[in-house]
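Listed below are the residues making up each chain.
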Amino acid sequence: MLVLVALLFLAVFGWIVATQGPLAPVKVTVAKAAESRLERSLFGIATVEARRSHAIGPTLAGRVGSVLVDQGDRVRTGQLLAEMEPVDLDARLAAGAASAAAAAQRVQSAEAALVEAQSRAKLAGNSAERFADLRKKNFVSQEAADAKAHEAAAAQAAREAAAATLAAAKEDVRRAQSELAGTGKNRAHLRLLSPVDGIVTARQSEPGSTVVAGQAVVQVIDPTSLWLRVRIDQGRSSGLAVGLPAGIALRSHPGEIFKGRLERVDLLGDAVTEERIANVVFENPPTGLAIGELAEVTLRLPPVERALTVPAAALARQGAAQGVWRIGPEGRAHFRNVVAGAASMDGLLEIRQGLTAGDSVIVHSARMLASETRVKVVESLK
Amino acid sequence: MINLASRDILHGWGKFLFTGIGLGLLIGATLTMAGVFRGMVDDGQVLIDNSGADLWVVQQGTLGPYAEPSSIRDDVWRGIAGIQGVAETGNAAYLTIQMQHGGKDTRVMIVGIEVDRPGRPGAPPYLTFGRPILQGHYEAIADEKSGHKLGERVRIRRHDYTIVGLTRRMVSSSGDPMIFVPLKDAQEIQFLKDNDALVNERARTAANPAFNRPGVPGLLEAAQASAAQARNVNTVLVRLAPDANADTVAGEIQRWKRLTAYTKAQMEDILIAKLIATSARQIGMFLVILAIVTAAIVAFIIYTMTLAKVREIAVLKLIGAQNRTIAGMILQQALGLGVIGFLVGRISAGLWGPAFPKYVLLLPQDAIGGFAIVMTICALASLFAIRAALSIDPAEAIGG
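Residues numbered from 1 in each chain as written. Chains lettered and ligands numbered in written order. Predicted model: local features only at pLDDT ≥ 70, side-chain atom pairs only at ≥ 80, totals over all residues.

What follows is about the pairing of strand E18 (residues 315-318) of chain A. All names here are of chain A. In this structure, E18 lies alongside strand E19 (residues 321-327), joined through 4 bridges in antiparallel fashion. Note that in E19 the partner of Gln318 across the bridge is Ala321. In this structure, the hairpin formed by E18 and E19 is closed by a connection of 2 residues, where Gly319 is found at a positive phi of approximately 65°. (Pairing = 2+ DSSP bridges. Helix = DSSP H or I, 4+ residues; strand = E, 2+ residues; numbered from the N terminus.)

Next up, the structure:
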């Protein structure tokens, strides 16, 4: 009886020591390396952005007079969106018009003066010819003839002066008109027009506020140009190329995947966050898409058709070496160096070197493995 | 010659056995307490081992990243990677948060690790289920203790994460299970506030005339964008080349990078000697008292067991049994009680150990030491009983 109890005790004790604690073999699961198709993909976080966004503002500093549109309004090309206050521009326009008119008047008076001078010159010329004739026949004195000749020359000069005055007056008209046109252009610039058919996304200044040159009053985007700006970690960006098919998960549409395509890869990466930037367009953009919305983009790379793969969890590390744990004789773990390649999203890892098809490797283990650790293969770790 | 001790035990084996079991449960409690203490030390140890680092580079003058907060820019690794002897670096962010899971609050440590290729410093060295993190964002590996299942979606602050792998014994120095997430997500969890805080912060910045000056368009936006950036990590984990000297590399980093670097030995000192020192001493104190109480009870049991047999011992003396025979009987019984007590204790500690919320580590050397101590205590305790037995008057067998 006592012996039986003692044996039972020892059996339970032995069982506890053997199955728990550091003396027990480590439970592991194994898998075989096999050739399979490796679906590769890239993953990035994206925000919805407008490809072209127009910040419409004045070219000169000034005060906003009126803003005619509000956020969400549809606008057409050339539509008046806002107007700056003209300050003195209207007065200057009136002054310009008046001086143009005055210049035109001066042209008329110069024309009249020219007609008069021409008539005078003609009269003086005729009279001088007549006196020259009479002088030949000695009817008048030389002095009288000279006086007439001089009068004719003076009248001729007066006619030329009048012609020049007219030309100057005409130039003056052109100058006044140009000035008027310039002032008009300035005035027209105060009218802020939409350069595209689009939607107003922001009304950034209200009437009465002062804006500097270049500051936006109204922001307009082209809604057909919405796309995604994707940030992809540099370390996982190899294979990024225009045309890759994309799956887009929008935060506002949980559980739905939209189809898209990689449209552009920026040559400039983000050096601070160590990310590449790419743009993805929707095949069929969903309605109600909001700019700035968060999205997850999965880009599908061309698959590796035949690759030797093991579950990615099998990849381990010992010191600086990368490899997998295998089960040696007597059920002890030993480390095998491997060269790993790409990993797929479903958890397969390509092995480039170090294993052959059919080799079994340890995938999961209940504890950290070391060389010569005793292991026990189980179907699943509890 | 017949063995008097076993004869006597067989005579009243039920009483003897139950006394042994009772004693065993007490020894079990003592062993468990030792296991709790070892578990605490081991929590600190696995935190160091699992990170896979040889050096921890932290903010200058702090005991980071586990014992004190430390915050450094996430691009300092570039300078460190160039130092001779450094094989690999990895940014890591640690943050302990309270998480709602299955209707109750659990305390977990969020660990941000670099995931651009498997096996970066800080990543869990082994998995029990699933696969490593293969996607740059929103995937997580959880310690089994956190109670998460494979494929589960958990919400941590602003985003939902999918549990793609499970691991075991990945705990913080205070025993909280870890959840590993990609570094960029961990930075967001740590530094990006909730929506209300963001909106309030924006309003606060907008109200500050230094950031919102008329005539400087874009200044406010720039200030707000720079405030929302999360460009810090808690530590850079450094793996050394095989022939590099940890102290030399740590010295280089401290001298030229104006940061503090800890070697494995220093980190063990920080975690085990400094961080858990008080609570470990608390447990140690309790362990000592428990051991004294156990010893006293063992002595008391054996003494009363002997006194209960006054008449039998007197008869033995009367029939001329030698003192040695009587002393041997009592000693053997005491040692037998000790063996039963130890076995029951070790079994019970092994059985209820895993049910503890924190890790209980029962080391074989503790068990062996415990066995030796139990046996010594039993032998010492039997001395009192032997002394009492030897002084019994044989006349008591007849009179009384």
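What follows deals with the domain arrangement of chain B. Interface size is often expressed as the accessible area that is lost when the parts come together. By the assigned domains, chain B splits into domain 1 (4-43 + 277-397) and domain 2 (60-192 + 230-258). For domain 1 of chain B versus domain 2 of chain B, the separation of C-alpha centres amounts to 47 Å. (Domains from an automatic or database assignment.)

Before going further, it helps to spend a moment on the pairing of strand E13 (residues 245-250) of chain A. Residue and element names in this part refer to chain A. Residues Ala246, Ile248 and Leu250 line the buried face of E13, whereas the alternating positions Pro245, Gly247 and Ala249 sit on a face that is not buried. Where E13 lies against strand E14 (residues 258-265), 4 bridges are found, and the strand directions are antiparallel. Within the sheet, the bridge partner assigned to Gly247 lies in E14 and is Lys259. Sheet analysis places E13 next to strand E16 (residues 294-300), joined by 5 bridges and oriented antiparallel. Bridging from a neighbouring strand, Gly247 pairs with Thr298 of E16. (Buried ≥ 20, exposed ≤ 12 C-beta atoms within 10 Å, placed from the backbone.)

Bringing the interface of chain B and chain A into the picture now. Taken residue by residue, the interface counts 35 residues in chain B and 38 residues in chain A. Among the elements that make up the side of chain B that touches chain A, the one with the highest residue count is helix H11 (residues 323-352) of chain B (4 residues). (Contact = placed C-beta atoms within 7 Å.)

For the rest of this paragraph, the subject is the environment of Val36 of chain B. Residue and element names in this part refer to chain B. Looking at where Val36 falls in the secondary structure, it is placed in helix H2 (residues 13-51). When the C-alpha atoms of Val36 and Arg78 are compared, they prove to be 41 Å apart, with 42 residues separating the residues in sequence. With near-sequence residues (within four places) excluded, Val36 lies in contact with Ile283 and Val360.

Time to look at helix H2 (residues 89-136) of chain A. All names here are of chain A. With 48 residues, H2 should reach 70 Å at 1.5 Å per residue; the first-to-last C-alpha distance of 69 Å fits that figure. If you check which residues of H2 are buried, you get Ala100, Ala110, Leu114, Ala117, Ala121, Ala124, Ala128 and Phe131. The inward-facing, buried residues of H2 abut helix H3 (142-189). In the stretch just after H2, Asn138 is the one whose phi turns positive, near 65°. (Expected span 1.5 Å × (residues − 1).)

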